[in-house]
Amino acid sequence: MPFAATVLTLYPEMFPGPLGISLAGRALREGLWSLDAVQIRDFATDKHRSVDDTPAGGGAGMVMRADVLASALDSVAPGRPVLAMTPRGAPLTQERVRGLAEGEGVTILCGRFEGIDERLFEAREIEQVSIGDYILSGGEMAALTLLDACIRLLPGVMGAPSSGMDESFETGLLEYPQYTRPATWEGRTIPEVLRSGDHARIEAWRRAQAETDTRLRRPDLWERHEGARVHPPSGAQRRNRNDKS
């Protein structure tokens, strides 16, 4: 079955948006994945199609209602992970993206206003996800980002099966610097090692560059990478012991 995405939003006209062009758009037309954008207001019960109300306890802005959102969520076929795009969620990682891409699809809830009534998260199994430490106008842009990250990993979307493996975050490191022709540009030349034809030297150089860039630019990522190397998963430890026996 193709990867199926359902997006619950107040602005279904934002989809597929950029996902309708380039690799994702071609994959959508070829049936490698599907998209259904659901209008949350269709599940409101009053004549004004209200989806929000004032915050309990006072304060600025409006809060999305749990009853309306629950009705919208309950209308979607079960069995797929349900994610809510919110700055209060856990940071999205490449590992999580790959896990989602390997499944049957995802249902994404796009928040707006001041947020979502907390009781919805207590009553429904919803994974809260953030794409960064900043605030957007709503969850739609975050949903597009998450879907793009998933779709590019689907079989048949990228040209070469290995294209997605040698990139930032796939190995726990930032990607190494890239170069292409011309060999000299504004007095700057492509590093000699990349022109040497020595694949072992090239691989070692790229690895060293990835480690250096990660350590300098993303010390948080480097710390996690080093921690994973020092303390491998228990399964890997058992495999290593078995290999030595």
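Read on for a plain summary of the structure. (Residues numbered from 1 in each chain as written. Predicted model: local features only at pLDDT ≥ 70, side-chain atom pairs only at ≥ 80, totals over all residues. Heavy atoms only, no water.)

**Let's talk about the overall build of the chain**
Looking only at helices and strands, the chain has eight helices and nine strands in total. The globule rule puts the C-alpha radius of gyration for 245 residues at 18 Å, and the 22 Å found for the chain is more than 25% above it. For the chain, the spread of C-alpha atoms along the three principal axes comes to 70 × 45 × 40 Å. Here the chain holds 245 residues, and 37% of them are scored as buried. For the chain, the accessible surface area stands at approximately 14900 Å², while carbon and sulfur atoms represent 51% of it. If the 29 positive side-chain charges of the chain are averaged to one point and the 35 negative ones to another, these points end up 5 Å apart. (Helix = DSSP H or I, 4+ residues; strand = E, 2+ residues; numbered from the N terminus. Rg over C-alpha atoms; globule rule 2.2 N^0.38 Å. Buried < 20%, exposed > 50% of the residue type's maximum accessible area, 1.4 Å probe, protein only. Areas by Shrake-Rupley, 256 points an atom, 1.4 Å probe, with all protein chains shown as cover. Lys, Arg positive; Asp, Glu negative; His and termini not counted. Charge placed at Lys NZ, Arg CZ, Asp CG, Glu CD.)

**Observations regarding a nonpolar patch on the surface**
Taken together, the side chains of Tyr-134, Leu-136 and Met-141 define a hydrophobic patch exposed on the protein surface, amounting to about 290 Å² of accessible area. Within the secondary structure, Leu-136 sits in the loop between strand 7 (127-130) and helix 5 (140-151). (Patch = residues over 30% accessible without salt bridge, like charges linked within 9 Å, V, L, I, M, F, W, Y side chains within 5 Å. Salt bridge = Lys/Arg side-chain N within 4 Å of Asp/Glu carboxyl O.)

**Details of the side chain of Ser-130**
When you line up the elements, Ser-130 lands in strand 7. There is a polar contact of 3.0 Å between the side chain of Ser-130 and the backbone oxygen of Gly-132. Beyond its immediate chain neighbours, meaning those up to four positions away, Ser-130 contacts Thr-86, Pro-87, Gly-89, Ala-90, Pro-91 and Leu-92. (Polar contact = N/O pair within 3.5 Å; in protein donor to acceptor, adjacent residues only side chain to side chain. Contact = heavy atoms within 4.5 Å.)

**What to know about the sheet that holds strand 1 (residues 3-9)**
Sheet strands pair by backbone hydrogen bonding; their relative direction is either parallel or antiparallel. Spatially, five strands are ordered 2-1-6-5-7 in an open sheet, and the strand pairing comes out parallel. Strands with a single pairing partner mark the edges of an open sheet, and in this sheet they are strand 2 (33-39) and strand 7. Sheet twist, expressed as the average angle between the axes of neighbouring strands with direction ignored, equals 35 degrees. Two elements, strand 1 and strand 6 (residues 105-110), share five bridges in a ladder whose sense is parallel. By the bridge assignment, Thr-6 is partnered in strand 6 with Thr-107. (Pairing = 2+ DSSP bridges. Axes fitted to C-alpha atoms, helices over the stretch in contact; angles between N-to-C directions.)

**Some words on the pairing of strand 6**
Of all the six residues making up strand 6, six are buried; the element is thus mostly covered by neighbouring parts of the structure. Residue alternation in strand 6 divides its side chains into two sets, Gly-105, Thr-107 and Leu-109 and Val-106, Ile-108 and Cys-110, and both sets are buried. Across four bridges, the pairing between strand 5 (residues 82-91) and strand 6 is parallel. Residue pairing across strands places Ala-84 opposite Leu-109, the latter belonging to strand 6.

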